[in-house]
Amino acid sequence: MTLGLMMAAWTLVLAFAQILLSAIAQTSQYGLKWNAGPRDGQMPPLNDRAQRLKRAQANLFETLPLFLGAVLIAHVAGRESEVTALGAQLYFWARVAYVPLYAWGVPYLRSVAWAVSIVGLGMIAQAILLP
């Protein structure tokens, strides 16, 4: 398996971990009865950390299809290179760093992590779009 595909696989693990972290935060606030029930009715707003974890998950899901598509196109088209491998690693590790930075409400560094992930995605896109 190529490094790009491996980073894509690990990014799926990260996505699942973020789903779990968000669900755990919600369940810890609302309780197991809420989690196991139909979730009808209005609940009080989530606490700040639970809201941030939910937003961090949504933020990953905005770019995840683009990242997976770019990695797969690079692989199928035979355009994988050191640049695409580095781009995939930048995307993944920046997304890993993004989660705790957002969960703990760290300003600016969170935005830097997001920007680094976008640079990584751009590196892959450039490699598949430009000869």
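Figured I'd write up the structure that's included with this text. Since the structure is predicted, the reported quantities are computational estimates derived from the model, not experimental observations. (Residues numbered from 1 in each chain as written. Predicted model: local features only at pLDDT ≥ 70, side-chain atom pairs only at ≥ 80, totals over all residues. Heavy atoms only, no water.)

## Description of the overall build of the protein
For the protein, the helix and strand inventory stands at five helices and zero strands. When the helices and strands of the protein are read in sequence order from the N terminus, they spell out α-α-α-α-α. Seen along its three principal axes, the alpha-carbon backbone of the protein occupies a region of about 55 × 30 × 20 Å. Looking at the protein residue by residue over its 131 residues, the buried ones come to 37%. Contacts in the protein between residues at least 24 apart in sequence constitute 76% of all its contacts with a sequence separation of at least 6. For the protein, the exposed surface amounts to about 7,700 Å²; the carbon and sulfur share of it is 70%. The centroid of the 9 positive side-chain charges in the protein is displaced by 9 Å from the centroid of its 5 negative side-chain charges. (Helix = DSSP H or I, 4+ residues; strand = E, 2+ residues; numbered from the N terminus. Buried < 20%, exposed > 50% of the residue type's maximum accessible area, 1.4 Å probe, protein only. Contact = heavy atoms within 4.5 Å. Areas by Shrake-Rupley, 256 points an atom, 1.4 Å probe, with all protein chains shown as cover. Lys, Arg positive; Asp, Glu negative; His and termini not counted. Charge placed at Lys NZ, Arg CZ, Asp CG, Glu CD.)

## Quick notes on the nonpolar core
Ranked by internal contacts, the top residues of the largest apolar core, which has 25 residues, are Phe67, Val71, Tyr91 and Ile124. Mapped by element, the contributors of at least two residues to this core are helix 1 (3-30), helix 3 (48-76), helix 4 (82-103) and helix 5 (109-129). When residues of this core are assigned to their parent elements, the largest contribution, eight residues, is made by helix 3. Those residues in contact with Phe67 that sit more than four places away from it in its chain are Met7, Ala8, Thr11, Ala88, Tyr91, Leu121 and Ile124. Core analysis: the next-biggest nonpolar cluster, separate from the first, contains five residues, Tyr98, Leu101, Tyr102 and Ala113 among them. (Core = buried A, V, L, I, M, F, W, Y, C linked by side-chain atoms within 4.5 Å.)

## Quick look at the packing of helix 1 against helix 3
Two elements in contact, helix 1 and helix 3, have axes whose closest approach is 9 Å; the angle formed by their N-to-C orientations is 165°. The angle between helix 1 and helix 3 falls in the class roughly antiparallel. Here helix 1 runs over helix 3; the crossing is left-handed. Classifying every residue of the contact of helix 1 with helix 3 gives 19 nonpolar, eight polar and one charged. (Axes fitted to C-alpha atoms, helices over the stretch in contact; angles between N-to-C directions. Parallel < 35°, antiparallel > 145°, perpendicular 65-115°, else oblique. Left-handed = near helix turned anticlockwise from the far one by under 90°. Nonpolar A, V, L, I, M, F, W, Y, C, P; charged D, E, K, R; others polar.)

## Some words on the packing of helix 4 against helix 5
As a packed pair, helix 4 and helix 5 sit with axes 7 Å apart at the nearest point and diverge in direction by 160°. Between helix 4 and helix 5, the angle falls in the class roughly antiparallel. Between helix 4 and helix 5 the crossing geometry is left-handed. Per-class residue counts for the contact of helix 4 with helix 5 are 18 nonpolar, four polar and two charged.

## Looking at the packing of aromatic side chains
The tally for this structure, following the rule as stated, stands at four aromatic pairs. Measuring from centroid to centroid gives 4.9 Å for Tyr30 and Trp34, while their planes differ by 65°, and the two rings are edge-to-face. Trp34 carries the same exposure label as Tyr30, and that label is buried. Seen from their ring centres, Tyr98 and Tyr102 are 5.5 Å apart, and the 90° between their planes marks the pair as edge-to-face. Placement of both Tyr98 and Tyr102 in helix 4 is noted, with a separation of four residues, approximately one turn of the helix. A cation sits over an aromatic face here: Arg95 above Tyr98, 4.5 Å from the ring centre. (Phe/Tyr/Trp six-rings, centres within 6.5 Å; stacked < 30°, edge-to-face > 60°. Lys NZ or Arg CZ within 6 Å of the ring centre and 35° of its normal.)

By themselves, these observations are geometric and do not establish any function.
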